Amino acid sequence: MADSVIAIDGPAASGKSTVAARLAGRLGIAYVNTGNMFRAVTLAARRAGITQAADCTAEKLIPVLERLDLDYERNAEGNFELRLNGTFPGEALRSPEVAALVSPVATVGPVREFLKRRQREMAGHGWLVMEGRDIGTVIFPHARYKFFVTASPLERARRRLAQEGENFSGATLEEVAKAIAERDRIDSTREIAPLKPAPDAVTVDTTGMSIEEVVDFIVGRMEHEA
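Residues numbered from 1 in each chain as written. Predicted model: local features only at pLDDT ≥ 70, side-chain atom pairs only at ≥ 80, totals over all residues. Heavy atoms only, no water.

## Re the pairing of strand β5 (residues 128-132)
Most of β5 sits inside the fold, with 5 of its 5 residues counted as buried. Where strand β2 (residues 30-33) meets β5, 4 bridges bridge the pair, whose relative direction is parallel. Bridging from a neighbouring strand, A30 pairs with L128 of β5. (Buried < 20%, exposed > 50% of the residue type's maximum accessible area, 1.4 Å probe, protein only. Helix = DSSP H or I, 4+ residues; strand = E, 2+ residues; numbered from the N terminus. Pairing = 2+ DSSP bridges.)

The structure is reproduced here in structure tokens:
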């Protein structure tokens, strides 16, 4: 299965989601955003009354997982979209409330195991681009192609500030940069699947690059390695 996976990892606001989606579109294959899968679990947890980081425990989240129906399906436009308990949550996944809680949810072992199984199952349907934080290190350590997409801290803060719905109203560049730094700290120091480049991943610093330039670079590397 790993032979048909293009793994795109990277920190928050690095541009990896946009790059992965554009790459999948150019290649005509499926795109799986695993960050949205964690956000979907977080959204389901909030709907179940879990709204504080201190409440993000295995004891409280396992019942949420047991009732969770989560998969990628084609929407009315024919594009793959995440479906949560029978509906497409769409922009609800990008709310500031979900963004604020997703890191503590993602540190819970049963959540990661639940999603790892789902993500590995998706690779049985042909070539796909899968994007996240531990695709090349944990989910598919033997993926055919691995890329680690990043950018300077300031560039990442600017990108996140420009994303609608990602920030609380009135957020400043300094506040967004601080939030991203805290997300990096949590993701890179957690005991389970910490954020880091796979040893054999190609690192792509997208600072100052357009999306098309990044995709061109990735496609070029893939053609070189083929």
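## Description of the confidence of the model for the chain
Atomic detail in the predicted coordinates should be set aside for any region of low pLDDT. In this model, the chain carries a mean pLDDT of 91, and residues with pLDDT of at least 70 account for 96%. At the low end of the mean pLDDT range in the chain sits strand β3 (residues 70-74), at 85; at the high end sits helix α3 (residues 58-66), at 98. (pLDDT = per-residue confidence, 0-100.)

## Topic: the sheet that holds β5
The 5 strands lie next to each other as β2-β5-β1-β6-β7, forming an open sheet whose pairing is parallel. Every interior strand has two partners, whereas the edge strands, β2 and β7 (202-205), have only one. On average, each strand axis in the sheet is inclined to that of its neighbour by 20°, with strand direction left out of account. Its contacts with the sheet place helix α2 (residues 34-47) against β2 and β5, and it is angled at close to 45° to β2. (Axes fitted to C-alpha atoms, helices over the stretch in contact; angles between N-to-C directions. Contact = heavy atoms within 4.5 Å.)

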